[in-house]
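Working through the structure, step by step
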Amino acid sequence: MENLAKLRQEIDEIDNELVVLFEKRMKISKEVAAFKRIHNMPIYDETRENKIIEKNISKLKDKSLSHELETFYRMIFKISRDIQEKELSKNK
Ligand code: PHB
């Protein structure tokens, strides 16, 4: 049990970092939305999404996590696109 508490503490610390990074990434995503609006570009960029996934899978030490990392990124992109849509609709 002591061990479980220690492991959970490690997860909590990682989550603290994740929240900071998540907020930072979504803030930039809103700025990307503003750029895309000015330049009349679509929110969805399939090529960019696939490149990001490929690049980051290549950085994995444990390649058995490749599929899960792709799933993680697909979810991040969905959230990012939703935030961009929201940003564009409120600034019309
Ligand atoms: C992103 O990096 O947040 C991103 C990239 C491409 C998209 C959507 C979001 O199509």
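Each remark here, short or long, concerns the structure printed above.
None of the values given here were measured: they were computed from a predicted structure. (Residues numbered from 1 in each chain as written. Predicted model: local features only at pLDDT ≥ 70, side-chain atom pairs only at ≥ 80, totals over all residues. Heavy atoms only, no water.)

1. Remarks on a negative patch on the surface
In plain terms, the rule: Without a salt bridge and with relative accessible area above 30%, a residue can belong to a patch; like charges are then joined within 9 Å and nonpolar side chains (Val, Leu, Ile, Met, Phe, Trp, Tyr) within 5 Å. The accessible surface values rely on the Shrake-Rupley method and a 1.4 Å probe; as for residues, cover is taken only from the protein chains in view. Here, a salt bridge means any side-chain nitrogen of Lys or Arg that lies within 4 Å of a carboxyl oxygen of Asp or Glu. Positive charges come from Lys and Arg alone, negative charges from Asp and Glu alone, with His and the N- and C-terminal ends not counted. We put the charge of a Lys on NZ, of an Arg on CZ, of an Asp on CG and of a Glu on CD. Labels follow the DSSP assignment, with helices taken as runs of H or I lasting at least four residues and strands as runs of E lasting at least two, numbered in each case from the N terminus. Throughout this description, buried means an accessible area under 20% of the type-specific maximum (1.4 Å probe, protein chains only), exposed means over 50%, and partly exposed covers the range between.
On the surface, a cluster of negative charge is contributed by Glu-10, Asp-12, Glu-13, Asp-15 and Glu-17. Positionally, Asp-15 belongs in helix 1 (residues 2–38). In this structure Asp-15 comes out as partly exposed when scored by relative accessible area, which is 35%.

2. Examining the nonpolar core
Our working rule: Here, the term nonpolar core denotes a set of buried Ala, Val, Leu, Ile, Met, Phe, Trp, Tyr and Cys residues that are joined through side-chain atoms within 4.5 Å. Residue contacts are counted whenever heavy atoms from the two residues lie within 4.5 Å of one another.
Ile-52, Ile-53, Ile-57, Leu-60, Leu-69, Tyr-73 and Phe-77 form the largest nonpolar core, which has seven residues in total. The set of elements that each furnish at least two residues to this core consists of helix 2 (46–59) and helix 3 (66–90). With near-sequence residues (within four places) excluded, Leu-60 lies in contact with Leu-65, Ser-66 and Leu-69.

3. A look at the site of the ligand
So the rule is basically this: Note on terminology: near, applied to a residue and a molecule or strand, indicates that one of the residue's heavy atoms is within 4 Å of it. Polar contact criterion, stated in full: a pair of N or O atoms within 3.5 Å, where within protein one must be able to donate a hydrogen and the other to accept it, and residues adjacent in sequence count only if both atoms are side-chain atoms. Three categories are distinguished: nonpolar for Ala, Val, Leu, Ile, Met, Phe, Trp, Tyr, Cys and Pro, charged for Asp, Glu, Lys and Arg, and polar for the others, with Gly belonging to the last.
Neighbouring residues of the ligand: Arg-25, Ile-43, Tyr-44, Asp-45, Arg-48, Glu-49, Ile-52, Phe-77, Ser-80 and Arg-81. Contact between the ligand and Ile-43: an oxygen atom at 3.5 Å from a main-chain N or O atom of the residue. At 2.6 Å from an oxygen atom of the ligand is found a side-chain nitrogen or oxygen belonging to Glu-49. Relative to its unbound accessible surface of 280 Å², the ligand loses 91% to contact with the protein. Broken down by secondary-structure element, the contributors of at least two residues to the shell around the ligand are helix 2 and helix 3. Looking at side-chain class alone, the shell around the ligand contains four nonpolar, one polar and five charged residues.

4. Describing the packing of aromatic side chains
The following threshold applies: Working definition: rings of Phe, Tyr and Trp (its six-membered ring) pair if their centres are within 6.5 Å, and the pair is stacked with planes under 30 degrees apart, edge-to-face with planes over 60 apart, and tilted otherwise.
Under the definition given, this model contains two aromatic pairs. Between Tyr-73 and Phe-77, the ring centres sit 5.7 Å apart and the planes meet at 35 degrees, which makes this aromatic pair tilted. With a gap of four residues between them, Tyr-73 and Phe-77 both fall in helix 3, about one helical turn apart. Given the relative accessible area of 15%, Tyr-73 is considered buried. What makes Phe-77 buried here is its relative accessible area of 5%. Joined through ring pairs, the aromatic side chains of Phe-72, Tyr-73 and Phe-77 make up one cluster.

5. Digging into the packing of helix 1 against helix 3
Each packed pair of helices is defined by two parameters, the angle between the axes and the distance between the axes. How we decide: Whenever a helix is involved, its axis is fitted only over the stretch in contact; in every case the axis is a line through C-alpha atoms, and angles between N-to-C directions fall within 0 to 180 degrees. Note on terminology: angles under 35 degrees are roughly parallel, angles over 145 are roughly antiparallel, angles of 65 to 115 are roughly perpendicular, and the others are oblique. For a crossing to be left-handed, the near helix must be turned anticlockwise from the far one by less than a right angle; the clockwise case is right-handed.
Two elements in contact, helix 1 and helix 3, have axes separated by 9 Å at closest approach and are oriented at 50 degrees. Classified by the angle between their axes, helix 1 and helix 3 sit oblique to one another. The element helix 1 and its partner helix 3 pack so that their crossing is right-handed. Residue-level inspection shows Phe-22, Arg-25, Met-26, Ser-29, Lys-30, Val-32, Ala-33, Lys-36 and Arg-37 of helix 1 in contact with helix 3, the latter providing Tyr-73, Ile-76, Phe-77, Ile-79, Ser-80, Ile-83, Gln-84, Glu-87 and Leu-88. When the residues that make up the contact of helix 1 with helix 3 are grouped by side-chain class, the tally is ten nonpolar, three polar and five charged.

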